[in-house]
Amino acid sequence: MTTERWTDDMLDRLASTTTRLLTSVTDLSEQNTRDISHLRSSIERLANIAEVHQQTLDLHQQNFNAVIGEMREMQAEVRGLQTENRRILDQLINRNDEND
């Protein structure tokens, strides 16, 4: 096995290639840092939007529950009116039967 001797030209090319690679790695690292920062701010914005949506959903649910309660009250009032109408109708029918 022979050992190849490095010439100045070979060392210069190696140094140049190494420098280019280091520059590329540094550039990529800086770009990744910027991208990560951008992603963090995007995540924060999305989390804030999700929180606002959750608060809105909670408010809508409260409103829906209130409407359901009002509907149940109205339903009970209608049933009471129906019962009262039946009683009045029965009284009117009974009066007509008594008058005949």
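Everything below is about the structure shown above.
We now turn to the structure provided with this report. All figures in this text were calculated on a predicted structure; none of them were measured in a lab.

1. With respect to the overall build of the chain
- Along its length, the chain carries one helix and zero strands.
- Relative to its length of 100 residues, the chain is extended, with a C-alpha radius of gyration of 42 Å against a globular reference of 13 Å.
- In terms of its C-alpha atoms, the chain occupies a principal-axis envelope of roughly 135 × 30 × 15 Å.
- Relative to its full complement of 100 residues, the chain shows a buried share of 2%.

2. Digging into the pattern of salt bridges
- Scanning the entire structure with this criterion turns up two salt bridges.
- Residue R13 is joined to D9 by a salt bridge in which the shortest nitrogen-to-oxygen separation is 3.6 Å. Of this pair, R13 and D9 both sit in helix α1 (residues 8-99), four residues apart, roughly one helical turn.
- Take D9: its relative accessible area is 49%, and that puts it in the partly exposed class.
- A salt bridge links R87 to E84; its shortest N-O distance comes to 3.6 Å. With R87 and E84 both in helix α1 and three residues apart, the pair spans about one turn of that helix.

3. So, the environment of E98
- Relative to the assigned elements, E98 resides in helix α1.
- Using a relative accessible area of 65% as the deciding quantity, one classes E98 as exposed.
- Along the backbone, E98 and L22 are 76 residues apart, and their C-alpha atoms lie at a distance of 112 Å.

4. Side note on the environment of N65
- Summarising the element assignment, N65 is placed in helix α1.
- A relative accessible area of 44% means that N65 is categorised as partly exposed.
- Between the C-alpha atom of N65 and that of S37, which follows or precedes it by 28 residues, the distance is 42 Å.

5. Thoughts on a nonpolar patch on the surface
- There is a patch of nonpolar side chains on the surface, built from W6, L11 and L14 and spanning about 310 Å² of accessible area.
- Under the relative-accessibility criterion, L14 is labelled partly exposed at 42%.

About the thresholds
Residues numbered from 1 in each chain as written. Predicted model: local features only at pLDDT ≥ 70, side-chain atom pairs only at ≥ 80, totals over all residues. Heavy atoms only, no water. Helix = DSSP H or I, 4+ residues; strand = E, 2+ residues; numbered from the N terminus. Rg over C-alpha atoms; globule rule 2.2 N^0.38 Å. Buried < 20%, exposed > 50% of the residue type's maximum accessible area, 1.4 Å probe, protein only. Salt bridge = Lys/Arg side-chain N within 4 Å of Asp/Glu carboxyl O. Patch = residues over 30% accessible without salt bridge, like charges linked within 9 Å, V, L, I, M, F, W, Y side chains within 5 Å. Areas by Shrake-Rupley, 256 points an atom, 1.4 Å probe, with all protein chains shown as cover.

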